[in-house]
Amino acid sequence: MSSKAWKRTILGTTFILISIIYTVMLSVYGKVSWNLIFDIQRINSLNNIIVSPTNFNFWGHNGSQVNLFVPWVTSIVFWPLFQIESPLLGYLLSFGLITLMTMLSAYYFIFKLSDDTLQSFIFAMIYTLSLTRLNIVLSGKLSDYLLMIFMPLVFYGLFRMLEGFFSDWPLYTLGIVLIALTSPWMSIAIMLVSLILIILAAVYRETHSWKYWKNMIITMLESVVLTIISTLGYTIPLIQRNEFFQASFKPMIQLSNFNLSNYYGGTQNLYLIYGAVALLLAVVVLWIPRSYLIYKLTAFGIMVSGILSTDLVPWKLFKHFDFSKITVYFWLIFSFLICLLISYLLTQLTENKSPLLKLIVLLLATIISCAVFYVNFPKQAGNMLNDTISSNDSMIVHYPKKSFDHQDNLKDFLVDGKLERVSYTTTSNFFEFKYYNSKSSTIDVPVIYSHGLNVQINNEDVKSTNTDRGTVKIKSQPGANIVQLRYQYSTLAKVAMGLSLLGWLLLLWVIINKGKWSIGKLINNS
């Protein structure tokens, strides 16, 4: 077996073992949270997402269009794992797979960026076992730690462009699209940081060329256009829904909450201390004359994302929307960049040194990462192996604003303004009930009224209106009524999905064709 094969075997085995141990610890000490139940229900409800934005078998059977608000493209690949007998077992299997993919992505793209096995391995370890990721995992936010798979890809593409290798712009675009279809907030944060780093690159003489900036502008425009096209299938139906939910959030880092009398007490103090150490390391890198351009920009990125994750920025000044939620994603970027900087500095300590010293640094970095991870992992027994998730009625989310004042009776049928017991059945795509009255009646059906609703009585389409509680109101026919409600994508939404598919095909094409749109380049390469 060649040395390269041995290296791959050892790395692969190590990553698999760490992923298994991480998953076992989560199964023993993890707890079932609201976020976790939400993600399990959300992924389970994706079985009909291609034909309808609503699954009537979930979310209290009231037609809540959760999957219009939460992107599903990157989550649906785990849907088969959730079809086994225990949803929590499916979640643990998904988590183990995501952890392994995070380590592989971290190692692969940092190795391509640095061409250094030691740096790539150290980064993969401290990034995957970081306290930031651990806190997200314990909170049960699957989408937030799922997107950590794609961050190495995004920054690999960005740093390659900053170094002048503009043919890698499709990889940056692919990363942005995957992140946008996992967490739109993160895509906004990472594109803002990318723009700031591109502007800051003008400080360094490596970028002092008209050709450099012409290529940078062209590739960024190409990236923006292709990103917009590839995500239309999510953004257009969301815009058509025309219902945005406002919630109040707190900035990730609250400087005002720093306790001067107890430096190590409280989460906010610890975050601030970590941030201060990171900023110090960033300053050190900026003063190292031999530092590469990408690591100097990494240091700037740490400063920028660190500041943007705090309440130094008046996020709540925006009158119609609270942008404080985005600070969490700036902190994720901050954590990624500090892990990259630490791996670079440790590698620099062993440059031109003996293999023994490199091995010692590798072992120390691994042991410290594992030790910090273990110390901060909760040791009280959790309920993940013993708890069950059986009720689809338990999660009632994404109501229209007018429905919040009527949550107590949103499951009730109202006939001519009076409560009446009516039996109904549901499938993934349909909500159906039967009603008999010798006279025509006005029925307030406990299904959320929204764009794309189709109502049929006795197989004939009928008109429906919105009620004061945000539900569907219809007029029954005299005699027997078989009423069927379903949600469909609009023609515009279907066109948007088709354009998204075209965008993905174009993106795949330019990745294969090394950033070029023409077929000539591909033929020449062949």
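Residues numbered from 1 in each chain as written. Predicted model: local features only at pLDDT ≥ 70, side-chain atom pairs only at ≥ 80, totals over all residues. Heavy atoms only, no water.

Some words on the packing of helix 5 (residues 117–128) against helix 16 (residues 355–376)
Cut-off, in case you're wondering: Here the axes come from fitting lines to C-alpha atoms, over the contacting stretch only for helices, and the angles between their N-to-C directions go from 0 to 180 degrees. Secondary structure elements are taken from DSSP: a helix is a run of H or I of four residues or more, a strand is a run of E of two residues or more, and numbering for both begins at the N terminus. Oblique is the label for every angle not falling under 35 degrees (roughly parallel), over 145 degrees (roughly antiparallel), or within 65 to 115 degrees (roughly perpendicular). The contact rule is simple, with two residues in contact once any of their heavy atoms fall within 4.5 Å. Charged residues are taken to be Asp, Glu, Lys and Arg, nonpolar residues to be Ala, Val, Leu, Ile, Met, Phe, Trp, Tyr, Cys and Pro, and polar residues to be all remaining types, Gly included.
Their axes nearest at 9 Å, the elements helix 5 and helix 16 cross at an angle of 10 degrees. As judged from the angle between their axes, helix 5 and helix 16 are roughly parallel. Of the residues in helix 16, those in contact with L118, F121, I122, M125 and I126 of helix 5 are K358, V361, L362, A365, T366, S369 and C370. Taken together, the residues of the contact of helix 5 with helix 16 break down into nine nonpolar, two polar and one charged.

Quick word on empty space enclosed by the protein
Here is the rule we go by: Using only the protein atoms, space was sampled on a 1 Å grid; points where a 1.4 Å probe fits but cannot get out form cavities, open sets with protein on both sides within 12 Å along at least five of seven lines form pockets, and lining residues are those with an atom within 4 Å of a point. Grid points are joined across faces, edges and corners, and a volume is the space filled by probe spheres set on the points.
In this structure the tally under the stated criterion is two cavities of 30 Å³ or more. The volume enclosed by the largest cavity comes to roughly 80 Å³. Taken together, 11 residues line the largest cavity, and the ones lying closest to its centre are L68, P237, Q240, H451 and Q488. The element best represented in the lining of the largest cavity is helix 12 (residues 232–241), accounting for three residues.

Digging into a nonpolar patch on the surface
Counted only if it meets this: Residues enter a patch when their relative accessible area is above 30% and they make no salt bridge; the linking distance is 9 Å between like charges and 5 Å between nonpolar side chains (Val, Leu, Ile, Met, Phe, Trp, Tyr). Calculation of accessible area relied on Shrake-Rupley with a 1.4 Å probe; when residues are assessed, cover is drawn exclusively from the protein chains displayed. One speaks of a salt bridge when a side-chain nitrogen belonging to Lys or Arg is within 4 Å of a carboxyl oxygen belonging to Asp or Glu.
Together, L356, L357, L359, I360, L363, L364, I367, I368 and V372 line one region of the surface with nonpolar side chains, adding up to about 790 Å² of accessible area. Tracing the chain through its elements places I368 in helix 16.

Here's the deal with the sheet that holds strand 2 (residues 418–420)
Short version of the rule: Strand pairing is defined by DSSP finding a minimum of two bridges between the two strands.
One open sheet holds the five strands; their spatial order is 2-1-5-9-8, and the pairing between them is antiparallel. Each edge of the sheet is formed by a strand with only one pairing partner; in this case those strands are strand 2 and strand 8 (465–466). Bridge count between strand 1 (residues 413–415) and strand 5 (residues 442–448): two bridges; the pairing is antiparallel. Directly across from V415, in strand 5, lies its bridge partner I443.

Quick look at the sheet that holds strand 6 (residues 453–457)
The strands making up a sheet associate through backbone hydrogen bonding, with each pair oriented either parallel or antiparallel. With antiparallel pairing, the five strands of this open sheet are ordered in space as 3-4-10-6-7. Every interior strand has two partners, whereas the edge strands, strand 3 (424–426) and strand 7 (460–462), have only one. The mean inter-strand angle of the sheet, taken between neighbouring strand axes irrespective of direction, is 30 degrees.

Details of the pairing of strand 6
For clarity, the cut-off: With a 1.4 Å probe rolled over the protein chains alone, any residue whose accessible area is under 20% of its type maximum counts as buried; one over 50% counts as exposed, and the rest are partly exposed.
Counting buried residues along strand 6, five of its five residues qualify, which places the element largely inside the surrounding structure. The alternating pattern of strand 6 places L453, V455 and I457 and N454 and Q456 on opposite faces, both of which are buried. Bridging between strand 6 and strand 7 involves three bridges; their strand directions are antiparallel. Each bridged residue has a counterpart across the sheet, and for I457 the counterpart in strand 7 is E460. Between strand 6 and strand 7, which pair antiparallel and follow one another directly, the connecting turn spans two residues, one of which, N458, has a positive phi of 55 degrees.

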